[in-house]
Amino acid sequence: MPLYVQEADDDSQEVLVARMDNVKNMSHILKAINFKETATVFASSHGLKVTVEDSKCLQANAFLQADVFQDYNIKDDQITFKINLVVLMECLMIFGSTGSGISAAMKLCYAGYGSPLILMLEEDGVLTDCSIKTQEPDETLDFNFCSSNVVNKIIMKSECLKEAFHELDMTSEVLEILMSPDKPYFRLSTFGNAGSSHSDFSKDSDLIESFQCVQTQTNRYKISLLKHSTKALDISERISIRTDNRGFLSLQYMIKNDDGQVSFVEYYCAPDENITEEYER
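Just so you know, these numbers come straight off a predicted model, no measurement behind them.

Chemist: So what exactly am I meant to see when it comes to the overall build of the protein chain here?
Modeler: The number of helices and strands found in the protein chain is six helices and 19 strands. Its C-alpha atoms give the protein chain a radius of gyration of 21 Å, within 12% of the compact-globule value 19 Å for 281 residues. Counting only C-alpha atoms, the protein chain reaches 65 × 40 × 35 Å along its principal axes. Taken across its 281 residues, the protein chain has 51% of its residues classed as buried. Residue pairs at least 24 apart in sequence account for 67% of intrachain contacts in the protein chain once pairs closer than 6 positions are excluded. Taken as a whole, the protein chain presents about 13,600 Å² of accessible surface, with 44% of it coming from carbon and sulfur.

Chemist: Any chance you could explain the packing of aromatic side chains here in plain terms?
Modeler: Each aromatic ring pair is summarised here by two numbers: the centre-to-centre distance and the angle between the ring planes. This structure, assessed with the given rule, holds nine aromatic pairs. With a centroid separation of 5.9 Å and 75 degrees between ring planes, the pair formed by phenylalanine 143 and phenylalanine 248 is classed as edge-to-face. In this pair, phenylalanine 143 sits in the loop between strand S10 (134-135) and strand S11 (150-157) while phenylalanine 248 sits in the loop between strand S17 (238-244) and strand S18 (249-256), placing the two residues 105 residues apart along the sequence. Grouped by ring-pair contacts, the aromatic residues Phe143, Phe145, Phe248 and Tyr268 constitute a single cluster. In this structure, lysine 49 is placed above the aromatic ring of phenylalanine 42, and the distance from its NZ or CZ to the ring centre is 4.9 Å. The cationic tip of arginine 246 hangs over the ring face of phenylalanine 248; the distance from NZ or CZ to the ring centre is 3.8 Å.

Chemist: Help me out: how do you make sense of helix H2 (residues 85-92) in this one?
Modeler: Where H2 is concerned, the buried positions are Leu85, Leu88, Met89, Cys91 and Leu92. Axial view of H2: buried residues confined to an arc of 160 degrees, hence all on one face. Near the N-terminus of H2, the side chain that reaches the backbone nitrogen of valine 86, with its oxygen 3.0 Å away, is that of asparagine 84.

Definitions and limits used
Residues numbered from 1 in each chain as written. Predicted model: local features only at pLDDT ≥ 70, side-chain atom pairs only at ≥ 80, totals over all residues. Heavy atoms only, no water. Helix = DSSP H or I, 4+ residues; strand = E, 2+ residues; numbered from the N terminus. Rg over C-alpha atoms; globule rule 2.2 N^0.38 Å. Buried < 20%, exposed > 50% of the residue type's maximum accessible area, 1.4 Å probe, protein only. Contact = heavy atoms within 4.5 Å. Areas by Shrake-Rupley, 256 points an atom, 1.4 Å probe, with all protein chains shown as cover. Phe/Tyr/Trp six-rings, centres within 6.5 Å; stacked < 30°, edge-to-face > 60°. Lys NZ or Arg CZ within 6 Å of the ring centre and 35° of its normal. Arc of directions from axis to C-beta. Polar contact = N/O pair within 3.5 Å; in protein donor to acceptor, adjacent residues only side chain to side chain.

Structure follows, in structure tokens:
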């Protein structure tokens, strides 16, 4: 392929160069967090982390490990920049509507602070170059979500939640999540115009792979924020649901690409204390 036979000298000025045989493996993961215009990209020797935030209460992270790429080279310990995610997705999917069944290859280059992100895509001999402006990164939220503070954790097959999430009453301001060592174990509740509704999941269900709940917790989260996570849920195979001692929520999705490689998308969401107080009055 033209992308893989270029002179090595072409990359001498770049601080980040990554190549991928099938660009869908990248666009597929980024679709799961594509709900805001801009994203912050963190690059390290471990791979890429792309972060999107909403309302200072929700953070979504897509992880593309270095081994997902056929070639991954970085010269700095860490590189960070902000980019227009909508434009990036359009570039990654530029060959997406051809229907040819041929996988587009991609080469990604970044020359450092102030430089654009360069994407070169090739499909069946057709080469397209994209230059995307990068910006000074904003400071991202630190949810301080530590595994040592996790109170409850459930790992389940995503299929179990897909139907429940898509049937949520969107007239409800909140999604209430109950996790408990006792019945009903795991419950999703909404409080909409038609009244309250609940979806219960038994810890003994075949779809639940791990159930580690030591304390009954009931927390409410803005449904307008959590609905973004259905993008990741729809393409995932498994989901890990965790809450810490503050009621912060972590949703980690395991997603397989066309080549069978596993990547992860994680959503963090803060509990809505104002709504919780209002419901408790």
